[in-house]
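# An overview of the molecular structure
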Amino acid sequence: MNELKDNVVAITGASKGIGAELARQLAAKGAKLVLAARSEKELEAVAEECRKAGAQVVTVKADVASERDCQAFIAGAMVAFGRLDALVNNAGATMWARFEDIRDMSILEQIMRVNYMGAVYCTHHALPHLKSSGGLIVGISSLAGKTGVPTRTGYSAAKHAMTGFFDSLRIELEGSGVDVTMIYPGFVSTGIRENATGPDGKPILVSPVKEGEVMSVQDCARRIVTAMEGREREVVMTARGKMGLWLKLVAPGLIDRIAKRAIEQGR
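We now examine the sheet that holds strand β2 (residues 32-37). Two orientations exist for strands paired in a sheet by backbone hydrogen bonds: parallel and antiparallel. Across the sheet, which stays open at both edges, the seven strands sit in the order β3-β2-β1-β4-β5-β6-β9 with parallel pairing between neighbours. The open sheet has two free edges, formed respectively by β3 (57-61) and β9 (234-236), since each of these has just one partner strand. Across the sheet, the mean angle separating the axes of adjacent strands is 15 degrees when strand polarity is ignored. The pairing of strand β1 (residues 8-11) with β2 spans four bridges and is parallel. Across the sheet, the residue bridging to Ala10 is Val34, located in β2.

Have a look at this one:
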């Protein structure tokens, strides 16, 4: 297990949900944090919690859909700490709409830019520094990045793209000292799912997931920290997810039905 104390860890989407909780848990481990998000106020609130835990923290207001913002985020880490040991590509945007109900295709383009290109941009600018430190790249994907899910066409496509990118990059980086860890959570009780985009491009406002019946954000973050310490190749977080990947090989129609039912039941 690799000690994370004094490691410089950069996290995107750190103002809420998994990113915020991961920052808090890494702060307790003694990591030095560089946190990015679009909401400056919420980001600073998370940073203050981490500082109270004894961590050194800098914040960068950034929209990962902008390459310039991603470059500034990584540059901020280097200015503040002079090194970078881990990049956690966590920022994401989701949706909850049937494809045939969507009238504005820019919704899907934005989801791709945030989930996929945001990770690509940040990784591109961080990679030289991570090679110098023998660092770690973490991609927070989703079970939707392993198999298709109804009402999540754009989101699933973006997460599949992310998976393909990082699996390919892992092979390219063999022998460089840089490892790639992919994380595949199922539903997580983040409390922010109501921000998902509906067919009209606006937030749906009401979470379609039974938040009390899914994995807690604290448990999810703990598993990510453990994966970072072990520099694991990938983590599929749920037993249903692990079983589903096996079943997809032998009974793909069954997995389609399971995915449909999971969305309908919201858990």
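This part is about the environment of Val236. Along the chain, Val236 falls in strand β9. A residue is classified by how much of its surface remains accessible, and Val236, at 10% relative accessible area, is buried. Beyond its immediate chain neighbours, meaning those up to four positions away, Val236 contacts Leu143, Tyr184, Gly241, Lys242 and Leu245.

Counted according to the given criterion, the structure contains one cavity of 30 Å³ or more. Taken as a whole, the largest cavity holds about 50 Å³ of empty space. Taken together, Thr12, Val64, Asn89, Asn90, Ala91, Val114, Asn115, Gly118, Ala119, Ile140, Lys159 and Met162 make up the full set of residues lining the largest cavity. Among the secondary structure elements, those contributing two or more residues to the lining of the largest cavity are α4 (106-133) and α5 (153-172). A class-by-class count of the residues in the lining of the largest cavity yields six nonpolar, five polar and one charged.

This part covers the packing of helix α3 (residues 67-81) against α4. Contact pair α3 / α4: the axes reach a minimum separation of 9 Å and the direction vectors enclose 35 degrees. As α3 runs across α4, the sense of the crossing is right-handed. Contact with α3, carried on its side by Glu67, Cys70, Gln71, Phe73, Ile74 and Met78, involves Gly118, Tyr121, Cys122, His124, His125, Ala126 and His129 of α4 and no other residues of that element.

Reading guide: rules and limits
- Residues numbered from 1 in each chain as written.
- Predicted model: local features only at pLDDT ≥ 70, side-chain atom pairs only at ≥ 80, totals over all residues.
- Heavy atoms only, no water.
- Pairing = 2+ DSSP bridges.
- Helix = DSSP H or I, 4+ residues; strand = E, 2+ residues; numbered from the N terminus.
- Axes fitted to C-alpha atoms, helices over the stretch in contact; angles between N-to-C directions.
- Buried < 20%, exposed > 50% of the residue type's maximum accessible area, 1.4 Å probe, protein only.
- Contact = heavy atoms within 4.5 Å.
- 1 Å grid on protein atoms, 1.4 Å probe; cavity = no way out; pocket = protein on both sides within 12 Å on 5 of 7 lines; lining within 4 Å.
- Points joined across faces, edges and corners; volume = space filled by probe spheres on them.
- Nonpolar A, V, L, I, M, F, W, Y, C, P; charged D, E, K, R; others polar.
- Left-handed = near helix turned anticlockwise from the far one by under 90°.

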